[in-house]
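# What the coordinates show
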Amino acid sequence: PSNHHLHQSSATPRQTPPRSQTLSTRREAYERDFPLYKQPVEVGCFSLDSRRRFFNDSRQMRYYVEPERSPNFDLRDGYKERYVKRDENVKEKLDHILRWIIANRSKLTSKLTTNASCPLDFDFVTWRGHLTKLLTTPYETREGWLLAVTRFNGTLYISEVETEAARRERENRPERNKEMMYWGYKFEQYMCADDTNSDPDPSGVVNTNEAFCTVVQTRLTDHKLLFSGEVDCRDRDPGAPPPPACYVELKTSAEICTPKQRSNFHRFKLLKWWAQSFLPGVPRVVAGFRDHDGTVVSVETFQISKISQLIKNEYNCWKPTVCMNFCCDFLSFVKREATEDNPSVVYLFSWEPHNDVTYSVHRDSRYSFLPDWYIKEMTR
Ligand code: 0WD
Ligand code: CA
């Protein structure tokens, strides 16, 4: 694999700034007006069942049930006995989204051109979670990332590759962390019902294979995006607005007891929560604050549109405009550099904290991620 972390040399004409094959992640470089981000529109959804099978429908949708203010949920209940954990060694890459695209091809291309050889009208296809990582990059000091990009029929597909550091962390996860990961899913079970009229059932099994995902389209400046993200639940009121405005994101977090803890919550946690829900247009996060023993001591709703106000008094805090401008410039960088249209070529974009983004190019390597069934279906 050829590495490209050197700045392009000499031959650039005077006046034009040299085009770099790296991208800065310094915050100061992205402090400008907020870029155009179109209201995300849901174009479909899909479900993954308890065995991780794909369905082109909303069968895994759950409904938000308002709890008491301090419900005393025991998040440790059922850990081990009533817990089925998704196999994290299975790397699904973009497969579920690609399945969804094939199943909904006619909805995506204009009605006059529904033939399979018509290119997709999107610049980028990816998971929402990958975009969240991009949004938070200028403020991230701990974890780097690897994003594999393939250009195919003019569309750029972005799929994450687990870093060596992330794999080591995952394989050496302390038992306490494993239990705390369960707490997040257990909280969902206390807060969600399977039907509009039923109650949550905390006696059931927590199975993290199950998922309901929304598929949204939007535009960030001149980048047309199609991405999917997992949604925890929706407002059960039949008069609620249509998706994604009726969706609710659920989170757990340690209870806040000191000013230092409050400041850290604003500076680090709210950044991640804002980025994740802002992208698909999910308007609110409902947070369960828990003590060290996994008891939820309070529940609070955060409106995504109010988070930037909430953090403004924090010294040296994150800014939404920096997040969005960095993401936008990264996508422009990818468009400019990932030029060869070939499903077996991967441009591997790589970033480590305190460094620029770099990339390398790989042909027919272990990084190739577009499956043959997708390539076949889309070139038919
Ligand atoms: O590398 C990844 N993030 C991959 C994600 C690789 C391959 C697949 N996926 C997919 C799965 O199909 C899953 O259903 O991730 C989906 C969720 O995608 P997303 O919404 O883009 O991911 P993200 O926003 O990071 O996470 C949303 C929720 C998480 O909830 P919290 O409240 O903790 O943010 O999805 C869950 C988790 O519950 N989740 C995952 N589920 C399956 N596989 C994964 C994952 N790798 N990461 C987070
Ligand atoms: Ca959640």
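Here's a quick rundown of the structure. Residue numbers here run from 1 along each chain, matching the order of that chain's written sequence. Lettering for chains starts from A, numbering for ligands starts from 1, and both go in the order in which the items are written. Predicted model: local features are reported for residues with pLDDT of at least 70 only, side-chain atom pairs are reported and counted for 80 or more only, and whole-chain, interface and lining totals are derived from all residues. Computation of side-chain values covers all heavy atoms of the structure but excludes hydrogens and water.

## Let's talk about the overall build of the protein
For clarity, the threshold we go by: A run of DSSP states H or I qualifies as a helix once it reaches four residues; a run of E qualifies as a strand once it reaches two. Both are numbered from the N-terminal end. We compute the radius of gyration over the C-alpha atoms and compare it with the globule rule, which gives 2.2 Å times the number of residues raised to the power 0.38. For each residue, the accessible area found with a 1.4 Å probe, counting protein chains only, is set against the maximum for its type, and the residue is called buried under 20%, exposed over 50%, and partly exposed in between. Values of accessible area rely on a 1.4 Å probe in the Shrake-Rupley scheme; residue burial ignores everything except the protein chains shown. Positive residues here are Lys and Arg, negative ones are Asp and Glu, while His and the chain termini are left out of the count. To locate a charge, take NZ of a lysine, CZ of an arginine, CG of an aspartate or CD of a glutamate.
When helices and strands are counted, the protein shows 9 helices and 18 strands. Rg of the C-alpha trace for the protein: 21 Å, near the compact-globule value of 21 Å for 380 residues, within the 12% margin. Oriented by its inertia axes, the alpha-carbon framework of the protein measures out at about 65 × 50 × 40 Å. Per-residue burial over the protein gives 51% buried out of 380 residues. For the protein, the exposed surface amounts to about 19300 Å²; the carbon and sulfur share of it is 47%. Charge-centre separation for the protein: the mean point of 55 positive side chains lies 4 Å from the mean point of 52 negative side chains.

## What about the coordination of the calcium ion (ligand 2)?
Stated formally: Donor atoms: N, O and S within 2.8 Å of the metal, or within 3.2 Å for Na, K and Ca. Because water is excluded, sites can look incomplete.
Taken together, the protein ligands of the calcium ion (ligand 2) are Asp 232 (OD), Glu 249 (OE) and Leu 250 (O), with distances of 2.3 to 2.5 Å. The motif formed by the donor residues of the calcium ion (ligand 2), counted along the single chain, is D-x16-E-L.

## Some details on the nonpolar core
Note on soluble globular proteins: their nonpolar side chains tend to be buried together. Using the following cut-off: Residues grouped as a nonpolar core are buried Ala, Val, Leu, Ile, Met, Phe, Trp, Tyr and Cys residues, joined through side-chain atoms within 4.5 Å. Only heavy atoms matter for contacts: two residues are in contact if any of them lie within 4.5 Å across the pair.
With 51 residues, the main nonpolar core has Trp 274, Trp 318, Phe 330, Phe 349 and Val 357 as its most contacted residues. A per-element tally of this core places helix 8 (residues 320–337) first, with 10 residues. Those residues in contact with Trp 318, other than ones at most four positions away along the chain, are Tyr 139, His 266, Arg 267, Leu 270, Leu 271, Trp 274, Ile 307, Ile 311 and Cys 323. Grouped together as the second largest cluster of nonpolar side chains are 31 residues, Val 43, Trp 100, Ala 211 and Val 346 included.

## Remarks on helix 7 (residues 304–311)
For the record, the criterion: When we speak of the arc, we mean the arc of directions from the helix axis to the C-beta atoms.
Taken residue by residue, helix 7 has Ile 304, Ile 307 and Ile 311 as its buried positions. Down the axis of helix 7, the sector holding all buried residues measures 15 degrees, keeping them to one side. Opposite the buried face of helix 7, at more than 90 degrees from it, the exposed residues are Ser 305, Lys 306 and Gln 309. Among the structural elements, helix 6 (259–278), strand 15 (284–290) and strand 16 (296–303) are those in contact with the buried residues of helix 7.

## Some thoughts on unusual backbone geometry
Geometrically, the link from Pro 243 to Pro 244 is a cis peptide bond, its omega value of 0 degrees lying close to zero. Here Pro 244 is to be found in the loop between strand 13 (233–235) and strand 14 (247–254). You will see that Asn 153, though not glycine, has its phi angle at about 50 degrees, which is positive. Here Asn 153 is to be found in the loop between strand 7 (145–152) and strand 8 (155–161). Its identity as a non-glycine residue notwithstanding, Asn 316 has a phi of 55 degrees, on the positive side. Among the secondary structure elements, Asn 316 is positioned in the loop between helix 7 and helix 8. On the accessibility criterion, Asn 316 (47% relative accessible area) is partly exposed.

## Considerations on helix 3 (residues 128–136)
Along helix 3, 7 of the 9 residues are buried, which leaves the element largely enclosed by surrounding structure. Those residues of helix 3 that fall on the buried side of the exposure criterion are Arg 128, His 130, Leu 131, Thr 132, Leu 134, Leu 135 and Thr 136. Looking at the buried residues of helix 3, the elements they touch are strand 6 (124–127), strand 7, strand 8, strand 12 (223–230), helix 6 and helix 8.

## Some points on the sheet that holds strand 4 (residues 63–64)
Keep this limit in mind: Here a strand pair is declared whenever DSSP counts at least two bridges between the two strands. Under this scheme, a helix contributes an axis fitted over its contacting stretch, all axes are lines through C-alpha atoms, and angles between N-to-C directions fall in the 0 to 180 degree range.
Spatially, the 6 strands line up as an open sheet ordered 9-4-13-14-15-16, and their pairing is mixed. What marks the edges here is a single partner per strand, and that holds for strand 9 (192–193) and strand 16. Sheet analysis places strand 4 next to strand 9, joined by 2 bridges and oriented antiparallel. Within strand 9, the residue paired with Tyr 64 across the bridge is Cys 192. Packed onto the sheet, helix 5 (residues 175–191) meets strand 4, strand 9, strand 14, strand 15 and strand 16 and runs at close to 135 degrees relative to strand 14.

## Focus on the site of ligand 1
Counted only if it meets this: Put simply, a residue is near a molecule or strand once any heavy atom of it comes within 4 Å of that molecule or strand. In protein, a polar contact means a hydrogen-donor-capable atom and an acceptor-capable atom, both N or O and within 3.5 Å, with residues adjacent in sequence counting only if both atoms are side-chain atoms; elsewhere, any N or O pair within 3.5 Å suffices. For this classification, Asp, Glu, Lys and Arg are treated as charged, while Ala, Val, Leu, Ile, Met, Phe, Trp, Tyr, Cys and Pro are nonpolar and the rest, including Gly, are polar.
The local shell around ligand 1 holds 21 residues, among which Arg 52, Arg 128, Gly 129, Glu 230 and Lys 251 are the closest. Glu 160 has a polar side-chain atom sitting 3.1 Å from an oxygen atom of ligand 1. Between ligand 1 and the protein, one listed contact pairs an oxygen atom with a backbone N or O atom of Glu 230 at 2.7 Å. In isolation ligand 1 has 750 Å² of accessible area, and contact with the protein removes 75% of it. Elements with a minimum of two residues in the shell around ligand 1: helix 3, strand 11 (211–220), strand 12 and strand 14. Classifying every residue of the shell around ligand 1 gives 6 nonpolar, 6 polar and 9 charged.

## Details of the packing of helix 6 against helix 7
Our working definition: Angles below 35 degrees are treated as roughly parallel, those above 145 as roughly antiparallel, those between 65 and 115 as roughly perpendicular, and all remaining angles as oblique. We call a crossing left-handed when the near helix sits turned anticlockwise from the far one by less than a right angle, and right-handed when that turn is clockwise.
At a closest axis distance of 10 Å, the pairing of helix 6 and helix 7 adopts a crossing angle of 155 degrees. The pairing of helix 6 with helix 7 is recorded here as roughly antiparallel in orientation. When you trace helix 6 past helix 7, the crossing you get is left-handed. Contacts between helix 6 and helix 7 involve His 266, Leu 270, Trp 273, Trp 274, Ser 277 and Phe 278 from the first element and Ile 304, Ile 307, Leu 310 and Ile 311 from the second. A per-class count over the contact of helix 6 with helix 7 returns 8 nonpolar, 2 polar and no charged.

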